[in-house]
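Residues per chain are reported as follows:
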Amino acid sequence: LSKTRNMDNNNETAGHTTSNPDSKLSQTPGGDDIAQSSRKPPGMNLSNIRANPALSKLLVLAKRQKVKHEFRQRQAALDRSIQEALQRNSVVLVQDLMKQLGRNDGQFPSPVDVQVHLHHGQIQGKFAVVEDAGDATVEHGHPSYLSPQS
């Protein structure tokens with residue numbers, strides 16, 4: 001114990017203190033001692049974000065923009081898949097596209113999403129619906145065929 005006190009006294013007389021075990025000392029080129037803390041500055045945690053309404057609102061808006069961007073990318077991929085199917089066959093049964101491109105795992109696009117996307121494409125003039133392009137068997141209702149808009 002007396003050796004520890006003696007070492008502390010030597011450190012205090014040399015201008016060093018041992019009161020903060022996390023601090024480190026370094027010397028500037030002029031010979032001055034600078035205390036540097038090894039603690040990291042506090043980062044953003046969830047409670048800080050919730051406490052700041054402006055930051056919270058900004059993060060919500062950023063998340064919305066990210067979701068919109070991802071959705072648009074998925075819609076563009078669906079458009080490409082539909083165009084590829086129409087290039088392979090000049091006329092395609094809507095129900096076949098719903099089965100081929102639709103997913104049943106809860107992810108986009110579901111078969112209904114495919115049907116809605118095709119309907120919007122028809123309204124925008126991307127696709128034309130042909131009521132009768134040959135004999136086809138469908139499970140429900142009349143067959144609807146899709147062809148590229150001429």
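In this text, all values refer to a predicted model and were calculated from it rather than measured experimentally.

To continue, consider the overall build of the chain. If you tally the helices and strands in the chain, you get 5 helices and 5 strands. Taken from N to C terminus, the helices and strands of the chain fall in the order α-β-β-α-α-β-α-α-β-β. Every one of the 150 residues in the chain was classed for burial, and the buried ones make up 17%. Split by element, the accessible area of the chain, about 11,700 Å² in all, is 51% carbon and sulfur.

Next up on the list: unusual backbone geometry. Of note, the bond from phenylalanine 108 into proline 109 is cis; its omega dihedral lies within 30 degrees of zero at -5°. You can see proline 109 is positioned in the loop between α4 (94-101) and α5 (111-123).

The next thing to look at is the environment of leucine 101. Locating leucine 101 in the fold gives a position in helix α4. Each C-alpha atom, one on leucine 101 and one on glutamine 115, is 9.9 Å from the other, the two residues being 14 residues apart in sequence. Ignoring anything within four residues of it in the chain, the contact list for leucine 101 reads Leu78, Ser81, Ile82, Pro109 and Val114.

The full count for this structure, using the stated rule, is 1 aromatic pair. Here the aromatic rings of phenylalanine 71 and phenylalanine 108 are separated by 5.0 Å at their centres, their planes lie at 65°, and the arrangement is edge-to-face. A residue pair is termed long-range when its members are at least 10 positions apart, and phenylalanine 71 in helix α3 (residues 53-88) and phenylalanine 108 in the loop between α4 and α5 qualify at 37 residues. With a relative accessible area of 37%, phenylalanine 71 lands in the partly exposed category. A relative accessible area of 19% places phenylalanine 108 in the buried class.

Put simply, α3 and α5 touch, their axes get as near as 11 Å, and they point 75° apart. By the angle between their directions, the pair α3 and α5 is classed as roughly perpendicular. Counting all contacts with α3, which are made through Gln75, Leu78, Asp79 and Ile82, the residues of α5 involved are Val114, His117 and Leu118. Looking at the contact of α3 with α5 residue by residue, the class counts come to 4 nonpolar, 2 polar and 1 charged.

Each value, and the rule that gives it
- Residues numbered from 1 in each chain as written.
- Predicted model: local features only at pLDDT ≥ 70, side-chain atom pairs only at ≥ 80, totals over all residues.
- Heavy atoms only, no water.
- Helix = DSSP H or I, 4+ residues; strand = E, 2+ residues; numbered from the N terminus.
- Buried < 20%, exposed > 50% of the residue type's maximum accessible area, 1.4 Å probe, protein only.
- Areas by Shrake-Rupley, 256 points an atom, 1.4 Å probe, with all protein chains shown as cover.
- Contact = heavy atoms within 4.5 Å.
- Phe/Tyr/Trp six-rings, centres within 6.5 Å; stacked < 30°, edge-to-face > 60°.
- Axes fitted to C-alpha atoms, helices over the stretch in contact; angles between N-to-C directions.
- Parallel < 35°, antiparallel > 145°, perpendicular 65-115°, else oblique.
- Nonpolar A, V, L, I, M, F, W, Y, C, P; charged D, E, K, R; others polar.

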